[in-house]
Amino acid sequence: MARALVLAAVFTCAACGLVYELALVALGSYLVGDSVTQASIVLSVMVFAMGIGSLLAKPLQKHAAAAFAIVEGLLALAGGLSVLALYAAFSWLDLYVPALVVIAFTVGGLIGAEIPLLMTLLQKIRKQDAGSAVADLFAADYVGALVGGLAFPFVLLPTFGHIKGALLVGVVNAVAGVAVVLWLFRRRLGRLARVGIGLGMVAVLAVLGTTYALADRIEVTARQALFQDPIALAKDTPYQEIVITKKITLAGGTDLRLFLNGDLQFSSADEYRYHESLVHPLMSGPHGNVLILGGGDGLALREVLRYPDVSSATLVELDPEMLHLARTYKALVSLNHRSLEDPRAHAVNADAFTWLRGQTRRFDAVIVDMPDPDDVPTAKLYSVEFYGLVKRVLAPGGRMVVQSGSPYFAPKSFWSIQKSIAAAGLATTPYHVDVPSFGDWGFVLAAPTARPPALALSRDVPPLRFLDPAVLQAASVFPKDRRSRDVDVNTLVHPRLVQYEGQEWKDS
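Residues numbered from 1 in each chain as written. Predicted model: local features only at pLDDT ≥ 70, side-chain atom pairs only at ≥ 80, totals over all residues. Heavy atoms only, no water.

1. Thoughts on the overall build of the chain
Short version of the rule: The way it works is that DSSP assigns letters per residue, a run of H or I at least four long becomes a helix, a run of E at least two long becomes a strand, and they are numbered from the N terminus. Contact criterion: two residues are considered in contact whenever any of their non-hydrogen atoms come within 4.5 Å of each other. We get accessible surface area from the Shrake-Rupley algorithm with a probe of 1.4 Å; when it comes to residues, only the shown protein chains can shield them. In this tally, Lys and Arg are treated as positive and Asp and Glu as negative; His is ignored, and so are the chain termini. Taken as the charge centre is NZ of Lys, CZ of Arg, CG of Asp or CD of Glu, depending on the residue.
Looking only at helices and strands, the chain has 16 helices and 11 strands in total. For the chain, the C-alpha atoms occupy an extent of roughly 90 × 50 × 45 Å along the three principal directions. Taking as baseline every contact in the chain between residues at least 6 positions apart, the subset at least 24 positions apart corresponds to 72%. As displayed, the chain offers around 21900 Å² of accessible surface, 62% of which is attributable to carbon and sulfur atoms. Across the chain, the 43 positively charged side chains and the 43 negatively charged ones have centroids separated by 7 Å.

Shown next as structure tokens:
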């Protein structure tokens, strides 16, 4: 029975440890993008620290029970508070990477100290040959890691969010680690040690519980520090962090802004410039059946549906919460003119890449309105392979337009996107306009033809606030210092855009 309880503690502590790792990786992907880099930093630092922790635990084996209780109490605190501490470092101190390394090293070191201490406790219960003891210990450890790895994305993150999820795991960690010692090894501990460990566990639970109660308030305060304008809505979804800010201007108007993982998607003050430039040059060609990939806010769809001869508009959006907000959040609904309620509109919750692979329907016009490719999962939506899938669903005479970032702030990224579209067998026409909230912003119009598609407006174009033939003609001209340059294409195997984006926006 005692041995089973210790192995259960191993199982639980392993599950908690993996949750801490995944929480740090996921938070980094949300805050700064580039999930590969974040995972590499967290995992490499933690694994290294685990080795250091194991070595440092060797002298503690003489007092294994008390040492294990102390390690678990510290790990519960460090792991439970890790996400909150990292978020605070990012929001208020601008010390994200140093804080990430320190936190990952601390948590990893404490996790590493667990194994030799647990092995000692198992042997104190019943002597066993080394091979069998290691097999039992690591079996419980690996199964626990499996449970923790599955619980984080499917239970903890969607139900409690990053901060509260980590705090709850810290509570479980403290109870599983410290309580087992107090119950099984109380006779091996002196009275003073028992009292001290008990009070320590109460203190740890009090800190974690108090922080949990204040977590929402702390998160709101920390999040607001990242945004210039007051936050009107914030939601963490399994896919991203959605933030909407709202400011009343001196003239009495309202500036509504949408941010996904901290990146600005639009400002109501000038979004019409972006969406007119994205949609209407494409609509000068065939546009009976239109496909929009991304654009879950419904604003590109609004422009598409201004053409009465559009018979069908299909919008593919990964995050169902974004579509829900586009249908129900009053300020956003007012901006998109209830475009998702139009009988011609059909919204699909799916990953665009996967959805395209299984698609047999053909479309006259395809709009790719994705967030900037600052991490690997998003960069695949700017790859040669992705544009090949889009080409396959284009009807005869069909065309595609891609939002392609800033040719001024990120010229390598912009021209890599253009070159990747061309590598998929599409003729391209790059162009750019001024969107004050973004700066100089670029697009690529493409078609599976021998000659690049012409930039023009349809004869039946609806009244526009920004775009006209003169602006469109000027949009195709790039200054000498921002013209095409020697860059690599972006593919699934070589996501060059992540590197370009990270470096260029860092330097801008």
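2. Brief notes about empty space enclosed by the protein
Rolled over the atoms, a probe sized like a water molecule indicates the empty space that remains. Selection criterion: Of the grid points, spaced at 1 Å and generated over the protein atoms alone, those admitting a 1.4 Å probe that cannot get out make up cavities, while open sets with protein on both sides within 12 Å along at least five of seven lines make up pockets; any residue with an atom within 4 Å of a point is treated as lining. Grid points are joined across faces, edges and corners, and a volume is the space filled by probe spheres set on the points. Basically, the charged four are Asp, Glu, Lys and Arg, the nonpolar ten are Ala, Val, Leu, Ile, Met, Phe, Trp, Tyr, Cys and Pro, and anything else, Gly included, counts as polar.
Across all of its chains, the model carries 1 cavity of 30 Å³ or more by this definition. Reported here for the largest cavity is a volume of approximately 80 Å³. In this structure, the largest cavity is lined by Leu 27, Tyr 30, Leu 31, Val 83, Tyr 87, His 162, Ile 163, Glu 219, Arg 223, Asp 236 and Glu 241. Residue assignment for the lining of the largest cavity shows that the elements contributing at least two residues are α1 (2-32), α3 (64-93), α5 (130-184) and α6 (191-224). The dominant element in the lining of the largest cavity, judged by the number of residues it contributes, is α1, at 3 residues. For the lining of the largest cavity, the residue count by class is 6 nonpolar, 1 polar and 4 charged.

3. Observations concerning a positive patch on the surface
Defined as follows: Distance thresholds for patches are 9 Å for like charges and 5 Å for nonpolar side chains (Val, Leu, Ile, Met, Phe, Trp, Tyr), applied to residues having over 30% relative accessible area and no salt bridge. Whenever a carboxyl oxygen of Asp or Glu lies within 4 Å of a side-chain nitrogen of Lys or Arg, that contact is scored as a salt bridge.
A cluster of basic residues, Arg 186, Arg 187, Arg 191 and Arg 194, forms a positive patch at the surface. Mapped onto the elements, Arg 187 comes out in the loop between α5 and α6.

4. Notes on the side chain of Ser 339
Basically, it comes down to this: Three exposure classes are used, based on accessible area relative to the maximum for each residue type with a 1.4 Å probe and protein chains only: buried under 20%, partly exposed in between, and exposed over 50%.
Residue placement: Ser 339 occurs in the loop between α10 (330-336) and β7 (345-349). Judged by its relative accessible area of 4%, Ser 339 falls in the buried class.

5. Remarks on the packing of α3 against α6
The line we're drawing: Working convention: axes come from line fits to C-alpha atoms, limited for helices to the stretch in contact. Angles between N-to-C directions cover 0 to 180 degrees. These descriptions rest on fixed angle ranges, namely under 35 degrees for roughly parallel, over 145 for roughly antiparallel, 65 to 115 for roughly perpendicular, and the rest for oblique.
It is at 11 Å that the axes of α3 and α6 come closest, and there the two elements cross at 10°. Viewed along their axes, α3 and α6 adopt a mutual orientation that is roughly parallel. Contacts between α3 and α6 involve Ala 66, Ala 69, Gly 73, Ala 76, Leu 77, Gly 80, Leu 81, Leu 84, Tyr 87, Ser 91 and Trp 92 from the first element and Ile 197, Val 204, Val 207, Leu 208, Thr 211, Ile 218, Glu 219, Thr 221, Ala 222 and Arg 223 from the second. Within the contact of α3 with α6, the residues separate by chemical class into 14 nonpolar, 5 polar and 2 charged.

6. Things to note about the packing of aromatic side chains
Applied cut-off: Aromatic rings from Phe, Tyr and Trp, taking only the six-membered ring of Trp, are treated as a pair when their centres fall within 6.5 Å; an angle between ring planes under 30 degrees marks them as stacked, one over 60 as edge-to-face, and anything in between as tilted. Placement of a charge over a ring requires the Lys NZ or Arg CZ to be within 6 Å of the ring centre, with the centre-to-atom vector within 35 degrees of the ring normal.
What the rule picks out here adds up to 15 aromatic pairs. Aromatic pair Phe 438 and Trp 441: ring centres 4.8 Å apart, planes at 40°, arrangement tilted. Exposure remark for Trp 441: the relative accessible area of 6% places this residue in the buried category. Its guanidinium or amino end placed over the ring of Tyr 212, Lys 164 lies 4.9 Å from that ring's centre, counting from NZ or CZ. In this structure, Arg 465 is placed above the aromatic ring of Tyr 272, and the distance from its NZ or CZ to the ring centre is 3.8 Å.

7. Things to note about the UniProt feature "active site" (unreviewed entry) in the chain
What counts here: UniProt positions are given in the numbering used here, feature names are shortened, and annotations may be inferred rather than shown by experiment. Between N or O atoms, a polar contact is any pair within 3.5 Å; within protein, one atom must be a potential hydrogen donor and the other a potential acceptor, and residues adjacent in sequence are included only when both atoms are from side chains.
Here, the residues flagged by UniProt with the feature "active site" (unreviewed entry) are Asp 369. Relative to the assigned elements, Asp 369 resides in strand β8 (residues 363-369). Sequence-distant contacts of Asp 369, defined by excluding residues within four places in its chain, comprise Tyr 274, His 275, Leu 278, Leu 293, Gly 294, Gly 295, Ala 300 and Gln 403. Of the polar contacts made by the side chain of Asp 369, one reaches the side chain of Tyr 274; its length is 2.6 Å.

8. A look at the side chain of Glu 72
With respect to the helices and strands, the residue Glu 72 is situated in helix α3. Contact partners of Glu 72, with chain neighbours within four places excluded, come to Cys 13, Glu 114, Asn 173, Gly 177 and Val 178.

9. Overview of the sheet that holds strand β1 (residues 231-236)
Counted only if it meets this: Paired strands, in this sense, are two strands between which DSSP finds at least two bridges.
The strand order β1-β2-β3-β4 describes an open sheet built from 4 strands, whose pairing is antiparallel. Looking along the sheet, the strands with just one partner apiece sit at the ends: β1 and β4 (263-267). Taken pair by pair, the neighbouring strands of this sheet meet at an average axis angle of 15°, ignoring direction. Pairing analysis gives 7 bridges linking strand β2 (residues 241-248) to strand β3 (residues 254-260), with the strands arranged antiparallel. Bridging from a neighbouring strand, Thr 245 pairs with Arg 257 of β3.

10. Let's talk about unusual backbone geometry
Negative phi characterises most residues that are not glycine, and trans characterises most peptide bonds. At Asn 261, a position not held by glycine, the phi torsion is positive, near 50°. Here Asn 261 lies in the loop between β3 and β4. By relative accessible area, Asn 261 is classed as buried at 19%. You will see that Arg 338, though not glycine, has its phi angle at about 55°, which is positive. Structurally, the position occupied by Arg 338 is in the loop between α10 and β7.

11. Some thoughts on a nonpolar patch on the surface
A surface patch of nonpolar side chains, about 420 Å² in accessible area, is lined by Leu 146, Leu 150, Phe 154 and Val 155. Mapped onto the secondary structure, Leu 150 falls in helix α5. On the accessibility criterion, Leu 150 (47% relative accessible area) is partly exposed.

12. Looking at the environment of Ile 248
Tracing the backbone through its elements, the reader meets Ile 248 in strand β2. Expressed as a C-alpha distance, the spacing of Ile 248 and Lys 164, which sit 84 residues apart in the sequence, is 32 Å. With residues up to four places along the chain from it excluded, the contact list for Ile 248 reads Gly 253 and Thr 254.

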